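Structure assessment
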Amino acid sequence: MSMKPRILFVDDEPLLLEGIRRSLAPAHQRDWEMVFETDPVAAVELHRLKSFDVVVTDFMMPVLNGIGLAVEMNEIDPGTQIVMLTGAADLTTAADVINSTQVVRFFTKPCAMDILEKGIVECVHRREERRRTSESVMKPAFGDEVLDKLSIGVAICEQNARVVYMNQFAVEVCATQKTLSVDAAGFLRTVNPRYRDEFLACLKETEKQDRAISLMDDEIGRAVSIIVSRTKGGDANRVMLLIADPSRHVAPSVDILQSIYSLPPSEARILHFIVQGFSLQETAEKMQITESSARTYLKRVFFKTNTKSQPELIRSVLLTPALYMAS
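Residues numbered from 1 in each chain as written. Predicted model: local features only at pLDDT ≥ 70, side-chain atom pairs only at ≥ 80, totals over all residues. Heavy atoms only, no water.

**Structural notes on helix 12 (residues 291–305)**
Each full turn of the α-helix corresponds to 3.6 residues, which orients residues three or four apart in the same direction. The terminal C-alpha atoms of helix 12, which comprises 15 residues, lie 21 Å apart, in line with the 21 Å expected from a rise of 1.5 Å per residue. Inspection of helix 12 places Ala294, Leu298, Val301, Phe302 and Thr305 among the buried residues, and these make up the whole buried set. Down the axis, helix 12 shows its buried residues gathered within 105° of arc, on one side only. Exposed and facing more than 90 degrees away from the buried side of helix 12 are Lys299 and Phe303. Where helix 12 ends, the next residue or the one after it, Asn306, has phi of about 55°, a positive value. (Helix = DSSP H or I, 4+ residues; strand = E, 2+ residues; numbered from the N terminus. Expected span 1.5 Å × (residues − 1). Buried < 20%, exposed > 50% of the residue type's maximum accessible area, 1.4 Å probe, protein only. Arc of directions from axis to C-beta.)

Below you can see the structure in the form of structure tokens.
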């Protein structure tokens, strides 16, 4: 950014705002333009006059609460990064906020100042990155809206798991905190620690081919499937994640897969289960055939879809426009 990032803090408690001011001003008064406002309605008007890059707002406020504030702020400038502060009792509602608005972070109160500071820094970086990307590729204004309509999650991360971009589906998956989550510093994490090392390895080992990992959601007994690919061009240290969540995404039917890919029923059924994140062994059990037969069918599917591996196959299916029109 050529100018200082503009950060707006909104809370109806003046003492809390003063505490934030005292904590952040020594380190950031030269590199951030910070504005503090106790009236959420007045905060919206300030944003309308000159938009802010990051807005840190309390959840519970009179007249206009944090949800209403976030909605109005994003209507004025969809690129503004919203950070929500909420009490522990409001966590369920806070998750709904992420689902319905462009809130990118929320922290429980009281929030340690170093954690809040890191969150703001990540939001500033995210805002700068979106701005640079928009300028470099001349991205249409409707780009984010199109990605948000997809029934799969799309996330761009650095290989250390720092999130650069997420579409709305990916944000919603992380908001449930059942399989994936975004920590206070903006890094994508697996909720179950047993998947941590495998997940990080997938992010780093994509140079030669796509990688895949399934994260079991014990609550529904199904796995969230993630395909990790190296991004084309740009930063070589970035990867793209495609996230399929069976609790939010209805897998394409066997009939649709038959029609789109010209597959016989047996091969279409194999593809139907593989796309849902089932292993080849699980797929064979569901179809009541041997694993060897399932592997034979899968090889035929590879040939007919011009793919060479399960991750590549799943990615190809998830990104087929005809699939969404047929559904």
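There is more to say after this.
**Notes on the pattern of salt bridges**
Pairs can form between side chains of opposite charge once their charged atoms are near each other. As enumerated under the stated definition, the model contains 12 salt bridges in all. Taking the shortest distance from any N to any O, the salt bridge between Arg162 and Glu122 comes out at 3.3 Å. Placement of Arg162 in the loop between strand 6 (153–158) and strand 7 (163–166) and of Glu122 in helix 5 (residues 113–137) is noted, with a sequence separation of 40 residues between them. Assessed through its relative accessible area of 15%, Arg162 is described here as buried. The class of Glu122 is buried, set by a relative accessible area of 12%. Note that Arg300 and Glu267 form a salt bridge whose closest N and O atoms lie 3.9 Å from each other. (Salt bridge = Lys/Arg side-chain N within 4 Å of Asp/Glu carboxyl O.)

**Things to note about the packing of aromatic side chains**
Under the definition given, this model contains one aromatic pair. Residue placement shows Arg6 over the ring face of Phe52; its charged tip is 4.0 Å from the ring centre. (Phe/Tyr/Trp six-rings, centres within 6.5 Å; stacked < 30°, edge-to-face > 60°. Lys NZ or Arg CZ within 6 Å of the ring centre and 35° of its normal.)

**Notes on the sheet that holds strand 2 (residues 33–37)**
The strand order across the open sheet formed by five strands is 2-1-3-4-5, and the pairing between neighbours is parallel. Unpaired on one side and paired on the other, strand 2 and strand 5 (103–108) mark the two borders of the sheet. Taken over all neighbouring pairs, the strand axes of this sheet differ in orientation by 15° on average, direction set aside. The pairing of strand 1 (residues 6–10) with strand 2 spans five bridges and is parallel. Bridge assignment links Leu8 to a residue of strand 2, and that residue is Val35. Contacting strand 1 and strand 2, helix 1 (residues 14–28) runs over the sheet at an angle of about 175° to strand 2. Across the sheet, helix 2 (residues 40–49) lies against strand 1 and strand 2, angled at about 145° from strand 2, the strand it touches most. (Pairing = 2+ DSSP bridges. Axes fitted to C-alpha atoms, helices over the stretch in contact; angles between N-to-C directions. Contact = heavy atoms within 4.5 Å.)

**Considerations on the packing of helix 10 (residues 265–275) against helix 12**
Where helix 10 contacts helix 12, the axes come no closer than 9 Å and their chain directions differ by 90°. Between helix 10 and helix 12, the angle falls in the class roughly perpendicular. Contact with helix 10, carried on its side by Ser266, Glu267, Ile270, Leu271 and Ile274, involves Ala294, Tyr297, Leu298, Arg300, Val301 and Lys304 of helix 12 and no other residues of that element. Across the contact of helix 10 with helix 12, the residue classes tally to seven nonpolar, one polar and three charged. (Parallel < 35°, antiparallel > 145°, perpendicular 65-115°, else oblique. Nonpolar A, V, L, I, M, F, W, Y, C, P; charged D, E, K, R; others polar.)

**Some details on the side chain of Gln159**
Along the chain, the position of Gln159 falls in the loop between strand 6 and strand 7. Look at Gln159 and you get buried, because its relative accessible area is 15%. Of note is the side chain of Gln159, whose polar atom sits 3.2 Å from the backbone oxygen of Leu203. What Gln159 contacts, discounting residues up to four positions off in sequence, is Leu203, Lys204, Thr206, Arg230, Asn237 and Val239. (Polar contact = N/O pair within 3.5 Å; in protein donor to acceptor, adjacent residues only side chain to side chain.)

**Comments concerning the environment of Leu69**
Relative to the assigned elements, Leu69 resides in helix 3 (residues 66–76). For Leu69 and Asp58, which are 11 residues apart along the polypeptide, the C-alpha to C-alpha distance reads 9.5 Å. When residues no more than four places from it in sequence are discounted, the contact partners of Leu69 are Val10, Pro40, Ala43, Val44, Val55, Thr57, Met61 and Leu64.

**Comments concerning helix 2**
Taken residue by residue, helix 2 has Pro40, Ala43, Val44 and His47 as its buried positions. Buried residues along helix 2 cover an arc of 100° about the axis, so they all sit on one side. Looking at the buried residues of helix 2, the elements they touch are strand 1, strand 2 and helix 3.

**So, the sheet that holds strand 6**
Taken together, five strands build an open sheet; the order of strands is 7-6-12-11-10 and the sheet is antiparallel. A strand with exactly one partner marks an edge of an open sheet, and here the two such strands are strand 7 and strand 10 (211–217). Averaged over all adjacent pairs, the angle separating strand axes in this sheet is 20°, with direction ignored. As defined by bridge partners, strand 11 (residues 222–230) adjoins strand 12 (residues 238–244) across six bridges and the pair is classed as antiparallel. Each bridged residue has a counterpart across the sheet, and for Arg230 the counterpart in strand 12 is Val239. Strands strand 6, strand 10, strand 11 and strand 12 of the sheet are contacted by helix 8 (residues 196–204), whose axis makes an angle of about 155° with strand 10.

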